[in-house]
Amino acid sequence: MNAPRTPLINTRQGIALAGNDSELYLLFLRQFSQDETLRSLAAALRAGDASTAYLHAHSLKGLCAQLGLDALFEQAVALCELLRNEEPEALPAAAELFPRLQTVYDETTAAIARCDTPSSL
């Protein structure tokens with residue numbers, strides 16, 4: 001039996017955190033799709049910079065929490081936990097987790113792209 005899949009976008013939570021303003025929430029979602037945090041995280045992992053990778057993973061986690069991006073939040077939490085001590089020894093495991101995070105990010109931004117009006121949320 002498969003575990004239930006975490007929704008990509010928890011719109012109820014996201015709208016609530018945006019002051020129950022669905023138009024503002026939609027604006028925030030669109031801005032997220034343009035955010036550079038994931039690219040910066042990938043660059044830090046490639047450069048072997050555990051400290052910077054942790055900062056970007058933590059930033060991504062916070063963004064996801066504020067926007068109700070639950071599935072991506074779960075992936076960011078896992079990466080954050082690996083990198084929490086900012087030790088270079090954690091980088092190989094973090095690099096192994098990153099492709100899953102990238103996949104969920106791509107799925108999430110595709111779902112965001114399909115939200116063209118507040119009523120589509």
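### Things to note about helix H6 (residues 91-113)
Look at H6: 31 Å from first C-alpha to last across 23 residues, which is about the 33 Å you get at 1.5 Å a residue. Listed as buried for H6 are Leu91, Ala94, Phe98, Leu101, Val104, Tyr105, Thr108, Thr109, Ala111 and Ile112. Against helix H2 (22-34), helix H3 (37-47), helix H4 (50-67) and helix H5 (70-83) lie the buried residues of H6.

### Looking at the side chain of Lys61
Following the sequence through the fold, Lys61 ends up in helix H4. Look at Lys61: it is buried, it has no salt bridge, and the nearest opposite charge is Glu81 at 5.3 Å. Not counting the four nearest positions on each side in its chain, Lys61 is found in contact with Phe73, Ala76, Val77, Cys80 and Arg84.

### Considering the nonpolar core
Where a protein is soluble and globular, its nonpolar side chains tend to be buried together. One finds Phe32, Leu41, Leu69, Leu83 and Leu101 to be the most contacted residues of the largest nonpolar core, which totals 35 residues. When residues of this core are traced back to their parent elements, those giving at least two are H2, H3, H4, H5 and H6. At eight residues, H6 tops the list of elements feeding residues into this core. Beyond its immediate stretch of four places on either side in the chain, Leu41 contacts Ala53, His56, Ala57, Leu79, Phe98 and Leu101.

### What about the environment of Ala93?
On the secondary structure map, Ala93 appears in helix H6. On the basis of relative accessibility, which here comes to 31%, the residue Ala93 falls in the partly exposed class. Between the C-alpha atoms of Ala93 and Gln13, which are 80 residues apart in sequence, the distance is 31 Å.

### Focus on the packing of aromatic side chains
Across all of its chains, the model carries one aromatic pair by this definition. Arranged with centres 5.8 Å apart and planes meeting at 55°, the rings of Phe32 and Tyr105 form a pair that is tilted. Taken together, the residues Phe32 in helix H2 and Tyr105 in helix H6 connect sequence positions 73 residues apart. Residue classification places Phe32 among the buried residues on the basis of a relative accessible area of 3%.

### Comments concerning the packing of H3 against H4
Look at H3 against H4: their axes get within 8 Å of each other, and the N-to-C directions meet at 155°. Viewed along their axes, H3 and H4 adopt a mutual orientation that is roughly antiparallel. For H3 against H4, the interelement crossing comes out left-handed. Across the interface between the two elements, Thr37, Leu38, Ser40, Leu41, Ala44 and Leu45 from H3 touch Thr52, Ala53, His56, Ala57, Ser59, Leu60 and Leu63 from H4. Of the residues assigned to the contact of H3 with H4, the class counts are eight nonpolar, five polar and no charged.

### Notes on H2
The terminal C-alpha atoms of H2 lie 19 Å apart, and with 13 residues this matches the ideal 18 Å at 1.5 Å per residue to within 8%. Buried residues of H2: Tyr25, Leu26, Leu29 and Phe32, and no others. Angularly, the buried residues of H2 cover 115° about the axis, an arc narrow enough to put them on a single face. Away from its buried face, by an angle of more than 90 degrees, H2 presents the exposed residues Glu23 and Gln34. Those residues of H2 that are buried are in contact with helix H1 (11-17), H4, H5 and H6. Sitting at the head of H2, Asp21 places a side-chain oxygen 3.1 Å from the backbone nitrogen of Glu23.

Cut-offs used in this document
Residues numbered from 1 in each chain as written. Predicted model: local features only at pLDDT ≥ 70, side-chain atom pairs only at ≥ 80, totals over all residues. Heavy atoms only, no water. Helix = DSSP H or I, 4+ residues; strand = E, 2+ residues; numbered from the N terminus. Expected span 1.5 Å × (residues − 1). Buried < 20%, exposed > 50% of the residue type's maximum accessible area, 1.4 Å probe, protein only. Contact = heavy atoms within 4.5 Å. Lys, Arg positive; Asp, Glu negative; His and termini not counted. Salt bridge = Lys/Arg side-chain N within 4 Å of Asp/Glu carboxyl O. Core = buried A, V, L, I, M, F, W, Y, C linked by side-chain atoms within 4.5 Å. Phe/Tyr/Trp six-rings, centres within 6.5 Å; stacked < 30°, edge-to-face > 60°. Axes fitted to C-alpha atoms, helices over the stretch in contact; angles between N-to-C directions. Parallel < 35°, antiparallel > 145°, perpendicular 65-115°, else oblique. Left-handed = near helix turned anticlockwise from the far one by under 90°. Nonpolar A, V, L, I, M, F, W, Y, C, P; charged D, E, K, R; others polar. Arc of directions from axis to C-beta. Polar contact = N/O pair within 3.5 Å; in protein donor to acceptor, adjacent residues only side chain to side chain.

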